[in-house]
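Coordinate inspection notes
Residues per chain are reported as follows:
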Amino acid sequence: MINTLVISQVEIFSLGIEKLLCQIKKINIRKIMNDESEAFRYCRQYSVNLIIFYSLPTVSLIDVIKRIKRFSPIIKIVVISPKIDSILSVTLLQLGIEGFIVIDSSAANVLQAIRQVCIGQRYISPEIAMDIALTKVQADLNPLHHLSERELQIMSMIIRGKKIAQIAQELNISTKTV
């Protein structure tokens with residue numbers, strides 16, 4: 001049995017993915033939750049083999065996945081995203097997630113991706129793969145590709161409208177560092 005944790009803030013997605021996953025006999029949905037920050041705590045307390053996140057690629061998602069992968073690298077992670085962010089997508093793939101799917105994929109593609117991940121293969125939606133490939137080709141033109149992971153994290157927080165003091169407090173660094 002593949003003990004699965006589904007994390008989504010969108011209730012209709014949770015219901016839909018639950019119905020889809022019922023088609024894979026080996027999957028046992030242990031819990032559906034709406035707070036990605038709780039995922040790590042849940043993984044520490046219960047046996048989880050697969051985590052499905054419905055989320056934009058964000059810095060907080062990257063942090064959660066880092067913690068989970070450090071705790072248990074054998075937990076398979078699939079991210080289903082409503083849109084593509086090639087810079088953060090590459091970071092997620094570098095962290096070792098096993099599946100990355102764009103939400104406008106068909107139900108059959110989502111099932112195929114989850115099946116592939118369950119048997120130990122990786123899956124990336126063609127849309128994401130194309131976007132990443134094009135980003136890699138244009139890397140020299142994009143100054144963001146030269147930023148470190150931490151610089152990218154701070155840049156992402158600034159873009160989302162967070163104040164420097166707020167970022168410093170969240171990341172436990174000085175405002176001068178930000």
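This section reports on the structure supplied with the text. (Residues numbered from 1 in each chain as written. Predicted model: local features only at pLDDT ≥ 70, side-chain atom pairs only at ≥ 80, totals over all residues. Heavy atoms only, no water.)

Focus on unusual backbone geometry
As a reminder of what qualifies: Strands are runs of DSSP state E lasting at least 2 residues, helices are runs of H or I lasting at least 4, and numbering of each runs from the N terminus. For every residue, the accessible area (1.4 Å probe, protein chains only) is compared with the maximum for its type, and the residue is labelled buried under 20%, exposed over 50%, or partly exposed between those bounds.
If you check the backbone angles, N172 has positive phi at about 55 degrees while not being a glycine. Assignment of secondary structure puts N172 in the segment after helix 8 (164–171). For N172, a relative accessible area of 69% gives the class exposed.

Focus: the sheet that holds strand 2 (residues 27–33)
Note the cut-off: Pairing between two strands requires that DSSP report at least two bridges joining them.
On the basis of which strands lie adjacent, the open sheet formed by 6 strands has the order 2-1-3-4-5-6 and parallel pairing. With partners counted over all chains shown, the strands left at the sheet margins are strand 2 and strand 6 (123–124), one partner each. Relative to strand 6, strand 5 (residues 99–102) is paired through 2 bridges, and the arrangement is parallel. Bridging across to strand 6, G99 finds its partner in Y123.

Some thoughts on the packing of aromatic side chains
Operational definition: In this analysis, rings of Phe, Tyr and Trp, with Trp reduced to its six-membered ring, are considered paired at centre separations within 6.5 Å, and the interplanar angle assigns stacked below 30 degrees, edge-to-face beyond 60, and tilted for intermediate values.
Here the structure, examined in full by the defined rule, presents 3 aromatic pairs. Relative to F71, the ring of F40 lies with its centre 5.8 Å away and its plane at 85 degrees, an arrangement referred to as edge-to-face. Highlighted residues: F40 in helix 2 (residues 39–45) and F71 in helix 3 (residues 59–71), separated in sequence by 31 residues. What makes F71 partly exposed here is its relative accessible area of 40%. An angle of 35 degrees between the planes, with centres 4.6 Å apart, marks the rings of Y42 and Y46 as tilted. Given the relative accessible area of 9%, Y42 is considered buried. Note on Y46: relative accessible area 39%, which makes it partly exposed.

Concerning the packing of helix 1 (residues 11–21) against helix 5 (residues 107–118)
Helix-helix packing: each pair is described by the crossing angle between the helix axes and the interaxial distance. In plain terms, the rule: To get an axis, fit a line to the C-alpha atoms, keeping to the stretch in contact for a helix; angles then go from 0 to 180 degrees between the N-to-C directions. An angle below 35 degrees is treated as roughly parallel, one above 145 as roughly antiparallel, one from 65 to 115 as roughly perpendicular, and anything else as oblique. The hand of a helix crossing depends on one turn: near helix anticlockwise from the far one by less than a right angle means left-handed, and clockwise means right-handed. A contact between two residues is defined here by any heavy atoms of the two lying within 4.5 Å.
Relative orientation of the contacting elements helix 1 and helix 5 amounts to 65 degrees, with a least axis distance of 11 Å. By the angle between their axes, helix 1 is roughly perpendicular relative to helix 5. Relative to helix 5, the crossing made by helix 1 is right-handed. Where helix 1 abuts helix 5, its residues I17, L20 and L21 lie against A107, V110, L111 and I114.

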